[in-house]
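Geometric and topological summary
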Amino acid sequence: MPESKGVIRKIVERDGGFKVSFPNHSGYFSVAEGESRENLMARLRDAAQTGATITFRFDARLNITDIF
């Protein structure tokens with residue numbers, strides 16, 4: 001799976017959806033469905049609040065599957 005690194009530009013939570021944008025990517029990422037989804041979303045929210053740089057893996061559909 002591809003891997004990227006960046007600071008979160010924006011998180012959009014609307015109508016049950018969760019989208020994340022990064023300055024070095026032109027599209028929005030979602031969070032992959034599964035048992036770790038809530039944990040990943042919480043970690044993304046924390047990183048957005050603190051301005052932390054994160055490294056993440058994503059699939060072909062731009063679903064974030066893991067955060068380092």
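Here the structure is a predicted model, which is why all the values come from computation and not from measurement.

Below, the discussion takes up the side chain of Ser 30. Checked against the element boundaries, Ser 30 lands in strand 4 (residues 30-31). A polar contact of 3.0 Å, which involves the side chain of Ser 30, links it to the side chain of Lys 19. When neighbours within four sequence positions are excluded, Ser 30 is seen to be in contact with Phe 18, Lys 19, Leu 62, Asn 63 and Ile 64.

Moving on: the nonpolar core. Membership of the largest hydrophobic core comes to 15 residues, with the highest contact counts inside it found for Ile 8, Phe 22, Leu 44, Ile 54, Phe 56, Ile 64 and Ile 67. No other element matches helix 1 (residues 37-50), which puts four residues into this core. In this structure Phe 22 touches Gly 6, Val 7, Ile 8, Arg 9, Phe 29, Ile 54, Phe 56 and Ile 64, once residues within four positions along its chain are discounted.

Our focus in this paragraph is the packing of aromatic side chains. Throughout the structure, instances matching the rule amount to five aromatic pairs. Pairing Phe 22 with Phe 56 gives two aromatic rings, centres 4.5 Å apart and planes at 15°, and the pair type is stacked. Placement of the pair is Phe 22 in the loop between strand 3 (17-21) and strand 4 and Phe 56 in strand 5 (residues 53-58), with a sequence separation of 34 residues. Here Phe 22 matches Phe 56 in class, with each residue buried. Between the aromatic rings of Phe 56 and Phe 58, the centroid separation amounts to 5.9 Å while the plane-to-plane angle is 40°, which identifies the pairing as tilted. A single burial state applies to Phe 56 and to Phe 58, both of which are buried.

Turning our eyes to something else, we now look at the sheet that holds strand 6 (residues 63-67). The strand order across the open sheet formed by four strands is 1-5-6-4, and the pairing between neighbours is mixed. In this open sheet, the two strands that pair with only one neighbour each are strand 1 (3-7) and strand 4. Summarising the sheet, strand 1 and strand 5 pair through five bridges and their orientation is antiparallel. The partner of Lys 5 across the bridge, within strand 5, is Thr 55. Running at roughly 80° to strand 6, helix 1 makes contact with strand 4, strand 5 and strand 6 of the sheet.

Thresholds, definitions, all that
Residues numbered from 1 in each chain as written. Predicted model: local features only at pLDDT ≥ 70, side-chain atom pairs only at ≥ 80, totals over all residues. Heavy atoms only, no water. Helix = DSSP H or I, 4+ residues; strand = E, 2+ residues; numbered from the N terminus. Polar contact = N/O pair within 3.5 Å; in protein donor to acceptor, adjacent residues only side chain to side chain. Contact = heavy atoms within 4.5 Å. Core = buried A, V, L, I, M, F, W, Y, C linked by side-chain atoms within 4.5 Å. Buried < 20%, exposed > 50% of the residue type's maximum accessible area, 1.4 Å probe, protein only. Phe/Tyr/Trp six-rings, centres within 6.5 Å; stacked < 30°, edge-to-face > 60°. Pairing = 2+ DSSP bridges. Axes fitted to C-alpha atoms, helices over the stretch in contact; angles between N-to-C directions.

Geometric values such as these leave the question of function open.
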